[in-house]
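The primary structure of each chain is shown beneath.
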Amino acid sequence: MYITNNSQSAVASHTTKMSDMSALSTEVMLMIFHMLGNQDLSKVVLVCRRWRDLGEDPSLWHWGRIIVSSDYDVQMLGIKRLQRIQKICVMQVQVYVDWESQELEKVFQTAVRLRNLSSLSVPRINLSSLDPELLVTAVNKVEELDITSCQMTSTQALDMFERFYDTAKLKKLWIDYNNLSMINKETLTTVVNKLEAVYMRQTQLTGEQVTCLLSQASRQTK
């Protein structure tokens with residue numbers, strides 16, 4: 001390849017700039033990277049090994065809600081840059097096709113590991129194959145939980161509300177179209193009244209549960 005003098009100067013200038021950047025301290029490099037968005041960071045990590053190691057710092061990346069709808073998405077949840085995500089929404093792999101038990105288990109195991117996770121949405125997902133303890137541990141760490149129209153076992157539902165009863169982290173709950181008739185009326189009422197918002201249409205509540213909820217609501221409005 002023939003390089004003109006002008007081209008040689010440009011290459012030399014570029015090399016010098018790269019050398020100057022490489023001489024910067026880790027603290028300065030991170031300060032610069034913090035000014036970049038995700039799109040620019042995705043290019044930065046391709047430059048060299050040092051930039052990749054620094055650029056994968058989870059604190060640099062800013063995420064909205066992460067949609068998980070495939071085995072590949074589950075694998076991606078394990079990469080370093082995603083370790084501070086706060087919101088996950090699990091969708092069906094295909095319409096009318098449930099998740100494989102092992103893959104769904106990986107999703108919830110990952111949810112347990114994500115320290116900053118505050119919102120978990122799993123609408124219309126069949127959760128009945130999950131170990132109750134894993135399910136409860138995952139949902140108990142978030143402030144917002146959407147389990148609308150999920151298929152759960154009685155054991156899962158009972159364990160979940162017992163844990164909600166004992167802790168106060170959950171603030172908003174979407175649990176429409178789930179059978180809650182087996183939940184102790186006092187437990188259900190206590191959990192509902194601890195929440196900032198709860199959505200529980202078509203949950204097959206018994207007369208005793210409804211009476212207990214209304215009685216508590218009446219006392220609070222006096």
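Not measured: the values here are computed from a predicted model. (Residues numbered from 1 in each chain as written. Predicted model: local features only at pLDDT ≥ 70, side-chain atom pairs only at ≥ 80, totals over all residues. Heavy atoms only, no water.)

**Comments concerning the confidence of the model for the protein chain**
Looking at the protein chain, pLDDT values average 86 and 87% of them are 70 or higher. The low-confidence segment residues 1–16 (pLDDT under 50) makes one contact with residues lying over four places distant or belonging to another chain. (pLDDT = per-residue confidence, 0-100. Contact = heavy atoms within 4.5 Å.)

**Things to note about the nonpolar core**
With 45 residues, the main nonpolar core has Ile-88, Phe-108, Val-122, Leu-127, Leu-145 and Ile-147 as its most contacted residues. Contributions of two or more residues to this core are made by β1 (65–68), β2 (87–90), α6 (101–113), α7 (132–139), α8 (154–166) and α9 (185–194). Here this core takes five residues from α7, the largest share from any one element. Formed by ten residues, the second largest nonpolar core is a distinct cluster that contains Phe-33, Leu-41, Val-44 and Trp-51. (Core = buried A, V, L, I, M, F, W, Y, C linked by side-chain atoms within 4.5 Å. Buried < 20%, exposed > 50% of the residue type's maximum accessible area, 1.4 Å probe, protein only. Helix = DSSP H or I, 4+ residues; strand = E, 2+ residues; numbered from the N terminus.)

**Things to note about the sheet that holds strand β3 (residues 119–121)**
Spatially, β1-β2-β3-β4-β5-β6 is the arrangement adopted by the six strands of the open sheet, whose pairing is parallel. Of all strands in the sheet, those with a lone pairing partner are β1 and β6 (197–199), marking the two edges. Between one strand axis and the next, the sheet turns by 10 degrees as a mean value, whatever way the strands run. Two elements, strand β4 (residues 144–146) and strand β5 (residues 172–174), share three bridges in a ladder whose sense is parallel. Paired with Leu-145 across the two strands is Leu-173, which belongs to β5. (Pairing = 2+ DSSP bridges. Axes fitted to C-alpha atoms, helices over the stretch in contact; angles between N-to-C directions.)

**Some points on the packing of α6 against α7**
Here α6 crosses α7 at 40 degrees, and the two axes come no closer than 8 Å. Taken together, α6 and α7 sit at an angle that is classed as oblique. In terms of crossing hand, the pair formed by α6 and α7 is left-handed. Touching Glu-105, Phe-108, Gln-109, Ala-111 and Val-112 of α6 are Leu-134, Leu-135, Thr-137 and Ala-138, all from α7. Looking at the contact of α6 with α7, its residues break down into six nonpolar, two polar and one charged. (Parallel < 35°, antiparallel > 145°, perpendicular 65-115°, else oblique. Left-handed = near helix turned anticlockwise from the far one by under 90°. Nonpolar A, V, L, I, M, F, W, Y, C, P; charged D, E, K, R; others polar.)

**Notes on the side chain of Glu-103**
Take Glu-103: it is sitting in helix α6. With near-sequence residues (within four places) excluded, Glu-103 lies in contact with Asp-71 and Val-74.

**Concerning the packing of α7 against α8**
Direction vectors running N to C along α7 and α8 enclose 35 degrees, while the axes themselves pass 9 Å from each other. Crossing of α7 over α8 shows right-handed handedness. Contacts between α7 and α8 pair Pro-132, Glu-133, Leu-135, Val-136, Thr-137 and Val-139 from the former with Thr-155, Gln-156, Asp-159, Met-160, Arg-163 and Phe-164 from the latter. Residue composition of the contact of α7 with α8, grouped by class: six nonpolar, three polar and three charged.

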